[in-house]
Amino acid sequence: MNQNPTPSEQLDRLRQPAKESWHALQDSDVPVIYVGHATCGRAAGSQETIEGFEQALADKGIAAEIRTVGCLGHCYAEPLVIIHYPGFPPLMYQKIGAGEARVLVNSFLQAGEDPCFEYLLGALEPNEMFPTLMDYPRYLYEKRVIMAHCGRIDPENIDHYLALDGYQALAKALEQGGQWVVDEVKAAHLRGRGGAGFPAGIKWEIARHAEKQPKVVICNGDEGDPGAYMDRTLMESNPHQVLEGLAIAALAVGAERAILYIRAEYPLAVRTIQQAIYAAREKKLLGDHILGTDFSLDISIFQGSGAFVCGEETALIQSVEGHRGMPQYRPPYPAVEGLDGLPTVINNVKTLATVPAIISKGSDWFKTIGTEKTPGTAIFSVVGEVEYPGLVEVPMGVSLEHLIYEVCGGIKDGKPFKAVQIGGPSGGCLPESELGTAIDFDSLKQAGAMMGSGGMVVMNADACMVEVARYFVDFTQKESCGKCTFCRIGTRHLLAILEDFTKGVGSDDDLQELKSLSEGIIKGSLCSLGKTAPNPVLTTLKFFPDEYLAHIHEQRCPAMMCRALTAFYIDLEACARGCDACVACCPTEAIFTTSNRKKAIDQEKCVKCGECVYACPPEYDAVRRVSPPGMIPDQGIKPLVETKEEQ
């Protein structure tokens, strides 16, 4: 009779005390304060929030626990705080600084009388006293699979993850075996969330059946898209979910070595993952003989230097090997011959973080979410001109319109929608007519955009699409590794032409040159950076041709965003005599007093920073912006000549 406990039995021994500790925290006799303390929370001042609570609790002599948690994804409301006061449901509060922390202690925690509705977002559980978070569209329409525990658990406490069935999928995978895992992930149709959308199960199967030994698994945390922070948030908020997915992938492939490639600009993510690795090793969830089996896995961290191109897997491998990060020709593909010539599977952070749920709940469950070709959910970092920016996780297949207007609250300040740039710096810019496009790999590609890693920038009517294209080409041009001539030189020419447009010196011939050059770059580049770099150009040419023509033929920027084509002047009818509000803010002393003691702008000195627009009191609203600059009306302005008596 075999007396050796199974992996599940081994795990149960770890989970029992973890659950007791977790339930003790949930049923605590004293208030428990959870403060979101990931990078986004810290940037908004969560450290001051913690100190504010500590000081106020000490002053009042109130016993309470303060726990730090990760990011909930609601970046518009940071610093976020959840208070679990005995007798009340857990309540979430928004924008809690040190001052608000003191108010909560004095009004709520001291006697439990006033729950401070003015800061309240909602309750986390159904109740008869408070609105719940599910009453808000931002929460109701999300489907959290990958981020289910983010912001709810302490990322530095492995017991929190264990208490919520963490590492259960790994135990199940160990019992079922590597081939079963491959078959289950293939059956789930899990596509890589790093941008390419290649089926993860097929990649794993190729590596599993590769003859060379040993094999390697790499988690790609080199998140380089401007404004994208999904991977960072996952690693900071729930590191054990990423590690569990990585361990399951290694088991499936037959690897005993794994690497987490994290860019060095993510110091908190590096530290959190490192602590998680130590904690998992102590409990025999990583390292030698995991959960009493023959499977061993050594995980190490490699810190990248921040090159955008290292998100491409062959460039990443070059970087780990100590070479300059540059894409390599394929085949051979990394799954056959990768790091140091060994079969290497590289998966994105989100892909691996999805795996535990698939293994635990099954591929059939996973396929009930999303679309037939792309099951599951997608995480986007939505930034720009929306009411509720932040991280959102939605089922694949929902429309862009649903995501922007229902989940993220629509365009800020009621302004008209202009475009959404999706897929990172080399994604496409889609207009309002394309808002019905479904969010999945195939639909977005057909519309001229792409999933990318999940960055999304929403723009209102104030955005100039020519300048937007110039901005993103400037980024990709600077991040080009220089290996391919079309990418290295072609993007430079694209940028030069776009810069001419923003200065009003482009021509109709340049429009054709943009198209042909873009097509050449796509065909002649080796990696996705070059192949997708022209996307912002091609989509803005396709969907916003009138803006290009206005820059060429009228030397006019319709959005009045391009500085060379824009000018500011002060409407003397609206300007208040004797008001100097705009004078002090001007960095070039371009504002002078007119003969009737109002203000005017010296166009020779003006650098068009727009500071005077914000400085002008709303009751006057006298600063005007025009394009082209020749539209400034003649107001008969004469500078004030002060007499000796006035001086």
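Residues numbered from 1 in each chain as written. Predicted model: local features only at pLDDT ≥ 70, side-chain atom pairs only at ≥ 80, totals over all residues. Heavy atoms only, no water.

Details of the overall build of the protein
Phase 1: Counting its secondary structure elements, the protein contains 25 helices and 18 strands.
Phase 2: Whereas a compact globule of 647 residues would reach a radius of gyration of roughly 26 Å, the protein reaches 28 Å, a difference of no more than 12%.
Phase 3: In terms of principal-axis extent, the alpha carbons of the protein reach across some 110 × 70 × 40 Å.
Phase 4: For the protein, the proportion of its 647 residues judged to be buried stands at 56%.
Phase 5: Within the structure as shown, the protein displays about 27,100 Å² of accessible surface, and the carbon and sulfur contribution to it stands at 49%.
Phase 6: Here the protein contributes 59 positively and 84 negatively charged side chains, and the mean placements of these two sets differ by 4 Å. (Helix = DSSP H or I, 4+ residues; strand = E, 2+ residues; numbered from the N terminus. Rg over C-alpha atoms; globule rule 2.2 N^0.38 Å. Buried < 20%, exposed > 50% of the residue type's maximum accessible area, 1.4 Å probe, protein only. Areas by Shrake-Rupley, 256 points an atom, 1.4 Å probe, with all protein chains shown as cover. Lys, Arg positive; Asp, Glu negative; His and termini not counted. Charge placed at Lys NZ, Arg CZ, Asp CG, Glu CD.)

Concerning the sheet that holds strand E8 (residues 298-304)
Phase 1: The strand order across the open sheet formed by 4 strands is E8-E7-E6-E9, and the pairing between neighbours is parallel. The open sheet has two edge strands, E8 and strand E9 (344-348), and neither has a second partner. Pairs of neighbouring strands in the sheet enclose a mean axial angle of 20°, with direction left out of account.
Phase 2: Two elements, strand E6 (residues 216-221) and strand E7 (residues 257-263), share 6 bridges in a ladder whose sense is parallel. What sits directly across from Gly221, in E7, is Ile262.
Phase 3: Docked against the sheet, helix H11 (residues 239-253) engages E6, E7, E8 and E9, running at close to 150° with respect to E6.
Phase 4: This element, helix H13 (residues 313-320), spans E6, E7, E8 and E9 of the sheet and lies at about 100° to E7. (Pairing = 2+ DSSP bridges. Axes fitted to C-alpha atoms, helices over the stretch in contact; angles between N-to-C directions. Contact = heavy atoms within 4.5 Å.)

A look at the sheet that holds strand E4 (residues 91-93)
Phase 1: Spatial strand order, E2-E1-E3-E4-E5: 5 strands in an open sheet with mixed pairing. Strands at the two margins of the open sheet, each flanked by one partner only, are strand E2 (65-69) and strand E5 (120-123). When strand polarity is set aside, the average angle formed by the axes of neighbouring strands in this sheet is 20°.
Phase 2: Sheet analysis places strand E1 (residues 32-36) next to E2, joined by 5 bridges and oriented parallel. Looking at E2, one finds that Val32 is bridged to Glu65.

Quick notes on the side chain of Glu547
Phase 1: Along the chain, the position of Glu547 falls in helix H23 (residues 545-553).
Phase 2: Engagement of the side chain of Glu547 in a polar contact is seen with the backbone nitrogen of Met465, the distance being 3.1 Å.
Phase 3: Setting aside its immediate chain neighbours within four residues, Glu547 contacts Lys418, Ala463, Cys464, Met465, Val466 and Pro558. (Polar contact = N/O pair within 3.5 Å; in protein donor to acceptor, adjacent residues only side chain to side chain.)

Digging into the nonpolar core
Phase 1: Core analysis: the biggest nonpolar cluster contains 73 residues, and Tyr167, Trp204 and Leu260 have the highest contact counts within it.
Phase 2: Look past the residues within four positions of Leu260 in its chain and what remains in contact with it is Cys219, Val242, Leu243, Leu246, Ile273, Ile277, Ile299, Ser300, Ile301 and Phe302.
Phase 3: One finds Ala378, Phe380, Cys408 and Ala447 within the second-largest nonpolar core, a separate group that totals 36 residues. (Core = buried A, V, L, I, M, F, W, Y, C linked by side-chain atoms within 4.5 Å.)

Here we look at helix H3 (residues 46-60)
Phase 1: Between its first and last C-alpha, H3 extends 21 Å over 15 residues, near the 21 Å set by a 1.5 Å rise per residue.
Phase 2: Where H3 is concerned, the buried positions are Ser46, Thr49, Ile50, Gly52, Phe53, Ala56 and Leu57. The arc enclosing the buried residues of H3, seen along the axis, measures out at 160°, which places them on a common side.
Phase 3: Buried residues along H3 sit in contact with E1, helix H2 (39-43), E2, strand E3 (81-84) and helix H4 (98-109).
Phase 4: Within two residues after H3, Gly61 carries a phi angle of roughly 65°, on the positive side. (Expected span 1.5 Å × (residues − 1). Arc of directions from axis to C-beta.)

A few points about the packing of helix H20 (residues 508-524) against H23
Phase 1: Interaxial distance between H20 and H23 falls to 10 Å at its minimum, and their mutual angle equals 140°. Relative to H23, H20 is oriented oblique. Every residue of H23 that contacts H20 at Asp508, Leu511 and Leu514 is listed here: Tyr548, Leu549, Ile552 and His553.
Phase 2: Tallied by class, residues from the contact of H20 with H23 come to 5 nonpolar, 1 polar and 1 charged. (Parallel < 35°, antiparallel > 145°, perpendicular 65-115°, else oblique. Nonpolar A, V, L, I, M, F, W, Y, C, P; charged D, E, K, R; others polar.)

Let's talk about the environment of Asp231
Phase 1: Counting through the fold element by element, Asp231 comes out in helix H10 (residues 230-237).
Phase 2: On the accessibility criterion, Asp231 (2% relative accessible area) is buried.
Phase 3: C-alpha separation for the pair Asp231 and Gly454, spaced 223 residues apart in sequence, amounts to 9.6 Å.
Phase 4: The contact partners of Asp231, leaving out residues within four places of it in the chain, are Asn220, Glu223, Asn348, Val349 and Lys350.

Describing the packing of helix H18 (residues 465-479) against H23
Phase 1: Where H18 meets H23, the axes come as close as 8 Å, and the angle between the chain directions of the two elements is 95°. One element, H18, and the other, H23, form an angle in the roughly perpendicular class. Between H18, through Met465, Val466 and Ala469, and H23, the contact on the second element is made entirely by Glu547, Tyr548 and His551.
Phase 2: Residues belonging to the contact of H18 with H23 are distributed by class as follows: 4 nonpolar, 1 polar and 1 charged.

Structural notes on H23
Phase 1: Of all the residues in H23, the buried ones are Glu547, Tyr548, Ala550, His551 and Ile552.
Phase 2: Where the residues of H23 are buried, they touch strand E12 (417-422), H18, helix H19 (485-502), H20 and helix H22 (535-543).
Phase 3: Gln555 sits one or two positions beyond H23 and adopts a positive phi of about 50°.

Details of the packing of aromatic side chains
Phase 1: Across all of its chains, the model carries 13 aromatic pairs by this definition.
Phase 2: Seen in terms of ring centroids, Trp365 and Phe366 are 6.3 Å apart; in terms of plane orientation they differ by 50°. Their pairing is tilted.
Phase 3: Consider the rings of Phe501 and Tyr548, whose centres lie 5.6 Å apart with planes at 85°: the pair is edge-to-face. In this pair, Phe501 is assigned in helix H19 and Tyr548 in helix H23, connecting sequence segments 47 residues apart.
Phase 4: One aromatic cluster is present, built from ring pairs that chain together Tyr85, Phe88, Phe108, Phe117 and Phe130. (Phe/Tyr/Trp six-rings, centres within 6.5 Å; stacked < 30°, edge-to-face > 60°.)

Observations concerning a nonpolar patch on the surface
Phase 1: A cluster of nonpolar residues, Phe198, Ile202, Ile206 and Val336, forms a patch on the protein surface that exposes about 310 Å² of accessible area.
Phase 2: Here Val336 lies in the loop between H13 and E9. (Patch = residues over 30% accessible without salt bridge, like charges linked within 9 Å, V, L, I, M, F, W, Y side chains within 5 Å. Salt bridge = Lys/Arg side-chain N within 4 Å of Asp/Glu carboxyl O.)

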